[in-house]
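# Observations on the model geometry
Okay, here's what each chain looks like letter by letter:
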Amino acid sequence: MHSKNNTELLEITDINKLKELRDSYRRNTLSWSQHCVGYYCLDNYIRWKEREPTIKHLKIYTLNDCYRSEGLYIIVDRYQLFVGSLRQEEQNENLVKALQLLDWSGGLKVSSILECHRHSVLEVVNKKQLKLEYDSLTLMYFMTSEKAKTLVIDCPKGYYVKPLTAKDDALIVDNHWPNRHQGSLFLINRLIEWNVNMGVYVENTDELVAWCLRLQGGFLGALQVKDSHKRLGLGSVVTRAISLALAESGSDVMALVNEENRPSRGMFEKLGFSVIARCYWLRTFPIQSHYQWPSGE
């Protein structure tokens, strides 16, 4: 770990300490429905750092020795922010202190945080007088790896399922993504190259028509079907395919769905997923109004 004094964030660079931090979320299996979020987020970045030890614009922080006592972590990945703590209460003074020490000037996309941590984030946003672009609630759907292993893909005739390739598919996924933004193509490329993903293709033309990625936080994301191929059950097909692939790698399956998105909620519930938590996505505006994330980074 690197730090100048006890009032600063500690950057965790030792992969073994990151694994120790990740595994602290496994110790209390009775709270797995809450702690799985921290576990799979940290596990993702451990895999990434084992693959590429020096990832540009990636920092993993804790506060003092809170990574041991509280499992506190803050991950800044480009313009995205992931936070976690084994302390589930809303009043989390150490999490607030750590968040206050971050540089928020470029704007941050606070991603897939548990509802219990939202109060700490908003406290810092208010103290720093930051403006929010959005503050969005999502429901967390969950399926154990054991249950996901029983899923059957059952792809309709005329289509086939396989993992995506960044070279051929990243631009298509990014162009159709409702959350497309400055810097999102870089993210899509990385997710396809480094994480589990699945796509549905037309047999005769090899056209990509449905897809689903695994986001950095461990959740399924960017689930989409092209308009011309909707109402064929392809969203369910690609969800079953990626869930099965994750289960076979030993992972439980998590997904976040907007509360008002009834069709997606119905699909996950029909497949056997259960809602176990509520998570939020918040984005702060940059302090400099014209700031944009550098292209290609």
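All figures in this text were calculated on a predicted structure; none of them were measured in a lab.

### Here we look at the overall build of the protein
When you go through the protein residue by residue, the secondary structure sums to 10 helices and 12 strands. Within the protein, the proportion of its 297 residues that are buried is 54%. Taking all contacts inside the protein whose residues are at least 6 apart in sequence as the whole, residues at least 24 apart take part in 71%. Carbon and sulfur atoms provide 47% of the accessible area of the protein, an area that totals close to 13900 Å². Computed over 37 positive and 35 negative side-chain charges, the separation of the two mean positions in the protein equals 1 Å.

### A short note on the pairing of strand S3 (residues 73-77)
Among the five residues of S3, five are classified as buried, and the element is accordingly described as predominantly covered. Residues Tyr73, Ile75 and Asp77 of S3 are buried on one face, and the alternating residues Ile74 and Val76, pointing to the opposite face, are buried as well. Bridge count between strand S2 (residues 58-63) and S3: four bridges; the pairing is antiparallel. Bridge pairing in S3 places Tyr61 opposite Ile74. Judged from the five bridges that link them, S3 and strand S4 (residues 80-84) form a sheet pairing that is antiparallel. Its bridge partner being in S4, Tyr73 is matched across the sheet by Gly84. Connecting S3 to the antiparallel partner S4 that follows it, the hairpin turn spans two residues, and Arg78 within it adopts a positive phi of roughly 60 degrees.

### A look at the domain arrangement of the protein
Per the domain assignment, the segments of the protein are domain 1 (9-138 + 280-284) and domain 2 (145-251). Each of domain 1 and domain 2 has a C-alpha centre, and the two are 26 Å apart. Tallying the contact residues gives 19 residues for domain 1 and 19 residues for domain 2. For the pair domain 1 and domain 2, the summed buried surface comes to about 1600 Å²; carbon and sulfur atoms form 51% of the total. At the junction of domain 1 and domain 2, the tally comes to one salt bridge.

### Points about unusual backbone geometry
Here the phi dihedral of Arg78 falls at roughly 60 degrees; this positive angle occurs in a residue that is not glycine. The topology assignment puts Arg78 in the loop between S3 and S4. Phi is positive for Arg231, which is not a glycine, with a value near 65 degrees. Its place among the elements puts Arg231 in the loop between strand S10 (219-225) and helix H9 (234-248).

### Comments concerning helix H5 (residues 115-127)
Between its terminal C-alpha atoms H5 stretches 19 Å, which fits the 18 Å expected from 13 residues at 1.5 Å a residue. The complete set of buried residues in H5 reads Cys116, His117, Ser120, Val121, Leu122, Val124 and Val125. On the buried face of H5, the contacting elements are S4, helix H4 (93-100), strand S5 (109-114), strand S6 (132-143) and strand S12 (274-284).

### Observations concerning the packing of H4 against H5
Running from N to C, H4 and H5 point in directions that differ by 40 degrees, and their axes come no closer than 9 Å. Classified by the angle their axes make, H4 and H5 are oblique. Where H4 crosses over H5, the handedness of that crossing is right-handed. Counting all contacts with H4, which are made through Leu95, Val96, Leu99 and Gln100, the residues of H5 involved are His117, Ser120, Val121, Glu123, Val124 and Lys127. Tallied by class, the residues present in the contact of H4 with H5 amount to five nonpolar, three polar and two charged.

### Regarding the sheet that holds strand S8 (residues 197-202)
Spatially, the 12 strands line up as an open sheet ordered S1-S2-S3-S4-S5-S12-S6-S11-S10-S9-S8-S7, and their pairing is mixed. Only two strands of the sheet have a single partner each, and these edge strands are strand S1 (9-11) and strand S7 (159-162). Strand after strand, the sheet turns through a mean of 25 degrees between neighbouring axes, direction not considered. One ladder, built from five bridges, connects S8 with strand S9 (residues 208-214); its direction is antiparallel. When the sheet's bridge partners are listed, Asn197 is paired in S9 with Leu213.

Rules and cut-offs
Residues numbered from 1 in each chain as written. Predicted model: local features only at pLDDT ≥ 70, side-chain atom pairs only at ≥ 80, totals over all residues. Heavy atoms only, no water. Helix = DSSP H or I, 4+ residues; strand = E, 2+ residues; numbered from the N terminus. Buried < 20%, exposed > 50% of the residue type's maximum accessible area, 1.4 Å probe, protein only. Contact = heavy atoms within 4.5 Å. Areas by Shrake-Rupley, 256 points an atom, 1.4 Å probe, with all protein chains shown as cover. Lys, Arg positive; Asp, Glu negative; His and termini not counted. Charge placed at Lys NZ, Arg CZ, Asp CG, Glu CD. Pairing = 2+ DSSP bridges. Domains from an automatic or database assignment. Buried area = accessible area lost by both parts, 1.4 Å probe. Salt bridge = Lys/Arg side-chain N within 4 Å of Asp/Glu carboxyl O. Expected span 1.5 Å × (residues − 1). Axes fitted to C-alpha atoms, helices over the stretch in contact; angles between N-to-C directions. Parallel < 35°, antiparallel > 145°, perpendicular 65-115°, else oblique. Left-handed = near helix turned anticlockwise from the far one by under 90°. Nonpolar A, V, L, I, M, F, W, Y, C, P; charged D, E, K, R; others polar.

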